[in-house]
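Per-entry structural report
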Amino acid sequence: MKKRNLKLIALGLTGLMGVAALTGCGSKEKSATVSTNGSTSMEEVMGALSEQYQKDNEGVKVTYDPTGSGTGIEEAKNGNTDIGLTSRALKDDEKDGLEQKVIALDGISVIVNAKNGVKDLTTQQVSDIFSGKITDWSQVGGKGGKISCIGRESGSGTRDGFESATGTEDKCKLEQELTSTGAVISAVGSNEKAIGYASFSAVEGQDKIQGIKVNGVTCTEDTIKDGSYKLQRPFCFITKKDGKLSEEAQKFYDFATSKDAADLIRNAGAVPVSE
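Reference entry: report on the structure contained in this document. (Residues numbered from 1 in each chain as written. Predicted model: local features only at pLDDT ≥ 70, side-chain atom pairs only at ≥ 80, totals over all residues. Heavy atoms only, no water.)

Our focus in this paragraph is the pattern of salt bridges. Taken as a whole, this structure holds 14 salt bridges when the rule is applied. The shortest N-O distance in the salt bridge between Asp160 and Arg88 comes to 2.7 Å. Linking Asp160 in helix H5 (residues 157-166) with Arg88 in the loop between strand E3 (83-86) and strand E4 (98-113), this pair joins segments that are 72 residues apart in sequence. For Asp160, a relative accessible area of 17% puts it in the buried group. Salt-bridge contacts for Glu221 lead to Arg266; the nearest nitrogen and oxygen are separated by 2.9 Å. (Salt bridge = Lys/Arg side-chain N within 4 Å of Asp/Glu carboxyl O. Helix = DSSP H or I, 4+ residues; strand = E, 2+ residues; numbered from the N terminus. Buried < 20%, exposed > 50% of the residue type's maximum accessible area, 1.4 Å probe, protein only.)

A few words on helix H2 (residues 43-56). Side chains of residues three or four places apart in an α-helix project in the same direction, reflecting 3.6 residues per turn. The first and last C-alpha atoms of H2 sit 20 Å apart over 14 residues, in line with the 20 Å expected at 1.5 Å per residue. Regarding H2, the residues found buried are Val45, Met46, Ala48, Leu49, Ser50 and Tyr53. (Expected span 1.5 Å × (residues − 1).)

The N-to-C vectors of helix H4 (residues 123-130) and H5 enclose an angle of 120 degrees; their axes lie 9 Å apart at closest approach. With respect to H5, the element H4 is oriented oblique. Where H4 abuts H5, its residues Thr123, Val126, Ser127 and Phe130 lie against Phe162, Ala165 and Thr166. Among the residues making up the contact of H4 with H5, the classes are represented as four nonpolar, three polar and no charged. (Axes fitted to C-alpha atoms, helices over the stretch in contact; angles between N-to-C directions. Parallel < 35°, antiparallel > 145°, perpendicular 65-115°, else oblique. Contact = heavy atoms within 4.5 Å. Nonpolar A, V, L, I, M, F, W, Y, C, P; charged D, E, K, R; others polar.)

Val110, Leu121, Ile129, Phe130, Phe162 and Ile195 are the most contacted members of the largest nonpolar core, which has 27 residues in total. At the level of elements, E4, H4 and strand E8 (194-199) are the ones that each hand at least two residues to this core. Contact partners of Phe162, with chain neighbours within four places excluded, come to Ile108, Val110, Val126, Phe130, Thr168, Cys172, Tyr197 and Leu231. Core analysis: the second largest hydrophobic core is formed by 26 residues, Ala48, Ala104, Phe252 and Phe255 among them. (Core = buried A, V, L, I, M, F, W, Y, C linked by side-chain atoms within 4.5 Å.)

Now for the environment of Asn116. Topologically, Asn116 is positioned in the loop between E4 and strand E5 (120-121). Residue classification places Asn116 among the buried residues on the basis of a relative accessible area of 7%. Along the backbone, Asn116 and Lys193 are 77 residues apart, and their C-alpha atoms lie at a distance of 7.1 Å. For Asn116, the residues in contact, after removing those within four places along its chain, are Trp137, Glu192, Ala194 and Gln210.

In this section: the pairing of strand E11 (residues 232-240). Within E11, seven of the nine residues are buried, which leaves the element mostly enclosed by the surrounding structure. Here E4 runs beside E11; their pairing, made up of nine bridges, is antiparallel. The residue of E11 that forms the bridge with Ala104 is Phe235. (Pairing = 2+ DSSP bridges.)

The element H5 is extensively covered by neighbouring structure, given that eight of its ten residues are classed as buried. Along H5, the residues classified as buried are Gly157, Thr158, Arg159, Asp160, Gly161, Phe162, Glu163 and Thr166. The opening residue of H5, the one whose side-chain oxygen lies 3.2 Å from the backbone nitrogen of Thr158, is Ser156. The first or second residue beyond H5 is Gly167, which carries a positive phi of 65 degrees. (Polar contact = N/O pair within 3.5 Å; in protein donor to acceptor, adjacent residues only side chain to side chain.)

What follows is the structure, encoded as structure tokens:
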């Protein structure tokens, strides 16, 4: 009787181990991770894309590491991430071995404190302010007071895009160089004499700052798309030319660059290029 009970127990344990093994294998097959790394300005867009993709593909995890455009390019080149993210086009010295795909356009809003009375600046005035040629708000029709320029750190896609559009490469004289879009918005919002720049998608709904017109044009989806608002840059996916994405990473890439993602990108505050 005892031998029979021990035999039954042994058979039961074997069965349970078999089920556990099968369950483990099944979970492994269903789970996958797609890694993305780079631009902090793409946070809202990537959040919308990854949330929808994960919802539609059970067991898939899309990760986002907001390290900045420069790091995203390096991580893609070194194979440390599936997809690098940049909020600027690749420079000539970065193109070797890499491919870029523009998934959206983003306007770079020039922002001032909500209590600042200036509503409109020309591109030249913006350039002169950030390069130190214009130093007082009274010089551009505002209340008197020394202008405090706030910007992003070297290597930031937002900074590169802004400097390229305003002709201020290597000329900006900043009181603060900050490492995220949110930090720039916060700094300008706490200083009545400050001016900065931030992604169009991050400015909407902020109550302590306001985006001003440039050359009489408001930064909107329509003006970004038709090119009349000149301060804009691309949101890009960066991948290796000679590297093959994993099956799941390729599926996410295809989804994010398709017409199916257009409304998600738009609702996240950027302008889709595939519609």
